[in-house]
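Spelled out from the first residue to the last, the chains are:
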Amino acid sequence: MGNRVGRDDYEWVYTDQPHADRRKEILAKYPEIKSLMGPDPRLKWIVCMMVAIQFLAFFLVKDLDWKWVLFWTYAFGSCINHSMTLAIHEISHNTAFGNNKAMWNRYFAMFANLPIGLPYSASFKRYHLDHHRYLGGDGVDVDIPTEFEGWFFCTRFRKFIWIILQPLFYAIRPLCINPKPITQLEMANVAIQFSFNIFLYWLWGAKPVVYMLAGSMLGMGLHPISGHFIAEHYMFLKGHETYSYYGSLNLLTFNVGYHNEHHDFPSIPGRRLPMVKKIAAEYYDDLPHYTSWVKVLYDFIMDDTISPYSRVKRKLKGDVKQE
């Protein structure tokens, strides 16, 4: 189905990422933006509420017919679990308890990880901070698809399959691009998560476990919220490597759609990013942006000029200090 995509390589650039310079310029003009930095006191309570909602859902699905388990897995569980991954994204920037309580943030992220079923919060933080520091960096930024993904998923049908399999590629990509030694925190994350999964199975049987794991896989695959994976950095317009989304799904995703704003000011919690856009409107209003993640997914599949290769990539110079 569909013609082969015309791209056969990434968009290589020889300039630094734009976010550091824009941050300096905005802060020089609007120093009051510094007051938006720091932890969001509401975040920990929202996360606790979402975890409690999923625990209640585990209890409610344990006696349902399998058809209804699968229905609620996609209709509800996938939305909550994808939202929880974005809560972990927020926590990875120490926005739950602040920079002075870094370990509190780490273990709170493991708590937020529980209803997702797959232990990833500790590893995510290490790789995500590299993504901010070295956006598009060859061999460092694991958000960029591998050569195999760019080469193989080059038709409409294959891009459709690639979107379904996104959770798989996000899991194995770091091992291919930038493997790192396993840390004690990552081991703790695995031990806590698998202990919880086993306890859940012992307590209420297989259905809640299927609801949990399938919800995570479906929510990060072919799902409206998953449009943010494509929308954030895939180059639909030449010369632009980061795009924001200003739509209603930001309410479920901790404003991750405000992605230019987030990369400009990663220490500002998602709840306050709309204020950044309002204060420094002249820096953001004219940047290309989206209003529908569903349309982003559709355009990515149907546009024969776009593929996993449609990413800006750069060779890094100087010392590279990774997490």
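These numbers were taken from a predicted model, which means no experiment stands behind them.

Criteria and cut-off values
- Residues numbered from 1 in each chain as written.
- Predicted model: local features only at pLDDT ≥ 70, side-chain atom pairs only at ≥ 80, totals over all residues.
- Heavy atoms only, no water.
- Salt bridge = Lys/Arg side-chain N within 4 Å of Asp/Glu carboxyl O.
- Helix = DSSP H or I, 4+ residues; strand = E, 2+ residues; numbered from the N terminus.
- Buried < 20%, exposed > 50% of the residue type's maximum accessible area, 1.4 Å probe, protein only.
- Axes fitted to C-alpha atoms, helices over the stretch in contact; angles between N-to-C directions.
- Parallel < 35°, antiparallel > 145°, perpendicular 65-115°, else oblique.
- Left-handed = near helix turned anticlockwise from the far one by under 90°.
- Contact = heavy atoms within 4.5 Å.
- UniProt positions renumbered as here; feature names shortened; annotations may be inferred.
- Polar contact = N/O pair within 3.5 Å; in protein donor to acceptor, adjacent residues only side chain to side chain.
- 1 Å grid on protein atoms, 1.4 Å probe; cavity = no way out; pocket = protein on both sides within 12 Å on 5 of 7 lines; lining within 4 Å.
- Points joined across faces, edges and corners; volume = space filled by probe spheres on them.
- Nonpolar A, V, L, I, M, F, W, Y, C, P; charged D, E, K, R; others polar.

Our next topic: the pattern of salt bridges. Throughout the structure, instances matching the rule amount to 16 salt bridges. Two residues, E186 and R126, come together in a salt bridge whose shortest N-O distance is 2.9 Å. Here E186 is found in helix α9 (residues 184-204), whereas its partner R126 is found in helix α5 (residues 121-133), with 60 residues between them in sequence. Look at R126 and you get buried, because its relative accessible area is 12%. Here K180 and D130 are joined by a salt bridge, their closest N and O atoms 2.4 Å apart. Within this pair, whereas K180 is found in the loop between α8 (166-177) and α9, its partner D130 is found in helix α5, the two being separated by 50 residues in sequence. D130 matches K180 in its accessibility class, with the two residues each being buried. It is possible to trace a salt-bridge network through shared partners that takes in R7, E11 and K238.

This next bit is on the packing of helix α2 (residues 43-61) against helix α10 (residues 206-219). Closest axis-to-axis distance for the α2/α10 pair is 8 Å, and the angle between their directions is 135°. Overall, the two elements α2 and α10 adopt an arrangement that is oblique. Two packed elements cross with a definite hand, and for α2 against α10 that hand is right-handed. Seen from α2, the contacting residues are Q54, A57, F58 and V61; seen from α10, they are K207, P208, Y211 and M212.

As recorded in UniProt, the feature "domain: Sphingolipid delta4-desaturase N-terminal" (unreviewed entry) lies at residues 5-43. For residues 5-43, helix accounts for 31% and strand for 8%, while the C-alpha atoms at its two ends are 42 Å apart.

This brings us to the side chain of H93. With respect to the helices and strands, the residue H93 is situated in the loop between α3 (66-92) and α4 (102-113). On the basis of relative accessibility, which here comes to 12%, the residue H93 falls in the buried class. Among the polar contacts listed, one links the side chain of H93 to the side chain of H262, at a separation of 3.3 Å. If near-sequence neighbours (up to four positions away) are discounted, H93 is found in contact with N99, H128, L129, H132, H262 and P266.

A word on the UniProt feature "transmembrane region" (unreviewed entry) in the protein. Those residues carrying the UniProt feature "transmembrane region" (unreviewed entry) are residues 43-61, 68-87, 107-124, 187-204 and 210-231 in this numbering. The span residues 107-124 shows a helical share of 61% and a strand share of 0%, and its end C-alpha atoms are spaced 13 Å apart. Each end of residues 210-231 is marked by a C-alpha atom, and these two atoms are 29 Å apart; helix forms 68% of the span and strand 0%.

Our next topic: the layout of surface pockets. The computed volume of the largest pocket comes to approximately 1,100 Å³. When residues of the lining of the largest pocket are traced back to their parent elements, those giving at least two are α3, α5, α8, α9, α10 and α11 (227-233). Taken together, the residues of the lining of the largest pocket break down into 22 nonpolar, 10 polar and six charged. The computed volume of the second largest pocket comes to approximately 350 Å³. Looking at the second largest pocket, it is lined by 17 residues, and the ones nearest its centre are N250, L251, L252, T253 and F254.

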